[in-house]
Amino acid sequence: MSAFLLPPQVAWADGVLSGGPLIRKSTRMQALAGVFSNQSAWSECDPERVVYDVELFDSPSAEGELYVGVTHLYAGRVGDEFFMTRGHFHQRREQGEVYFGLHGEGLLLLQSEQGEARLEYVFPGSVHIIPGNTAHRLINTGAVTLSALAVWPCAAGHDYASLAGGFALRVVDDDGVVQTKEVQNG
Ligand code: PA5
Ligand code: NI
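Attention in this report is confined to the structure presented alongside it. Residue positions are given per chain, counting from 1 as you read along its sequence in written order. Both sets of labels track the order of writing: A upward for chains, 1 upward for ligands. The model is predicted, so local features are restricted to residues of pLDDT at least 70 and side-chain atom pairs to those at 80 or more, both for listing and for counting; the totals for chains, interfaces and linings are taken over all residues. Here the side-chain values reflect all heavy atoms present in the structure, with hydrogen atoms and water set aside.

## Remarks on the layout of surface pockets
For cavity detection a 1 Å grid was placed over the protein atoms alone, and a set of points counts as a cavity when a 1.4 Å probe fits there but cannot get out; an open set counts as a pocket when protein lies on both sides within 12 Å along at least five of seven lines, with lining residues being those that have an atom within 4 Å of a point. Grid points are joined across faces, edges and corners, and a volume is the space filled by probe spheres set on the points. The computed volume of the largest pocket comes to approximately 510 Å³. Taken together, 26 residues form the lining of the largest pocket, with Tyr-52, Val-54, His-88, His-158 and Tyr-160 sitting closest to its centre. Per the convention used, a helix needs a DSSP run of H or I reaching at least four residues, while a strand needs a run of E reaching at least two, with both numbered from the N terminus. Mapped onto the lining of the largest pocket, the elements with two or more residues apiece are strand 3 (22-28), strand 4 (50-57), strand 5 (66-73), strand 8 (97-103), strand 12 (134-140) and strand 13 (146-153). The element contributing the most residues to the lining of the largest pocket is strand 13, with four residues. In this structure, the second largest pocket encloses a volume near 190 Å³. Surrounding the second largest pocket, 15 residues form its lining, Gly-34, Val-35, Leu-163, Ala-164 and Gly-166 being those nearest its centre. Lys, Arg, Asp and Glu make up the charged group, whereas Ala, Val, Leu, Ile, Met, Phe, Trp, Tyr, Cys and Pro make up the nonpolar group; the residues left over, Gly among them, are polar. Counted by class, the lining of the second largest pocket contains seven nonpolar, five polar and three charged residues.

What follows is the structure, given as C-alpha cells:
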C-alpha cells in the first residue's frame, strides 16, 4: 500500500477535512447585515457569533479545476428565522455545483434568475445537483450543526450582489414547526 498516494479525506460523519492544505473562512453575525428579515433581532445578536464556517482544500484554481469544501452551518435563529448562509449565484452563471448532506438537517433553497424558489431537504446522504443559473442558500432547521460537502468549478466565482434584495422564500420556526413564507421583493 505504501506506494500509493494518500489523497485528502472527508470524515463523512461530521465533514472534517484532512490530509491537505486547507482554507478556512468564518462568517460572523456582523457580516450578515440585511440578510435576516428581523433587523432589530439581528442587531441584538452578538456580532462576533460565528453563523457558519467553510473549509476547503487549497487546490489549483485554474479554469477546469474543482474546489471541494464543507460548510458547517450552526444551529440558531435570528428572531424566528433559522440560521442560513448568505446565498449566491455563481458569477459565471452557467456553472453548477453539487452539495452532499453529511450531518444535521436543513433545507437547500434554490432560486432561478426569474425568482422562482424551491426547497430541497438536506440530510446525511442527500445529494443536491444545483444546475447553472441557480442561486443557492443553506438553511439549518435542526438543533445541531448542518454540515454539507460541496464540489464546484473554481471558475464559477460568487455573485452576492444580485441577491442583495433577498430570496423569494424565508424559512421560520413557528412554535417548533418549520414554516416557509413567500417574500414579495425576493
Ligand atoms: O460554493 C458554495 O456554494 C458553498 O461553498 C458556499 O460558498 C458556502 O456554503 C457559503 O455560502 P455563501 O458563499 O453564500 O456565504
Ligand atoms: Ni455556490
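More follows now that the structure is in view.
## Quick word on the sheet that holds strand 13
Between any two strands, pairing holds if DSSP finds at least two bridges. Sheet architecture is open: six strands sit in the order 3-4-5-13-8-11, paired in antiparallel fashion. Where the open sheet ends on each side, the last strands, each with one partner, are strand 3 and strand 11 (127-130). Taken over all neighbouring pairs, the strand axes of this sheet differ in orientation by 20° on average, direction set aside. One ladder, built from five bridges, connects strand 8 with strand 13; its direction is antiparallel. If you follow Phe-100 over to strand 13, its bridge partner there is Leu-149. Here an axis means a line fitted to C-alpha atoms, over the contact stretch when the element is a helix, while the angle between two N-to-C directions is reported on a 0 to 180 degree scale.

## What about the pattern of salt bridges?
Salt bridges are defined by distance alone: a side-chain nitrogen of Lys or Arg within 4 Å of a carboxyl oxygen of Asp or Glu. In the structure shown here, the tally under the stated rule is eight salt bridges. Put simply, Arg-24 and Glu-55 hold a salt bridge, and the shortest N to O gap is 2.6 Å. With Arg-24 in strand 3 and Glu-55 in strand 4, this residue pair connects regions lying 31 residues apart in the sequence. Owing to a relative accessible area of 11%, Glu-55 belongs among the buried residues under this scheme. Among the ionic pairs, Arg-28 bridges to Glu-48, the shortest N-O distance being 3.8 Å. Taken together, the residues Arg-28 in strand 3 and Glu-48 in the loop between helix 1 (39-43) and strand 4 connect sequence positions 20 residues apart. Residue Arg-28 is classed as partly exposed on the basis of its relative accessible area, which comes to 29%. Using a 1.4 Å probe on the protein chains alone, a residue whose accessible area is under 20% of its type maximum counts as buried, one over 50% counts as exposed, and one in between counts as partly exposed.

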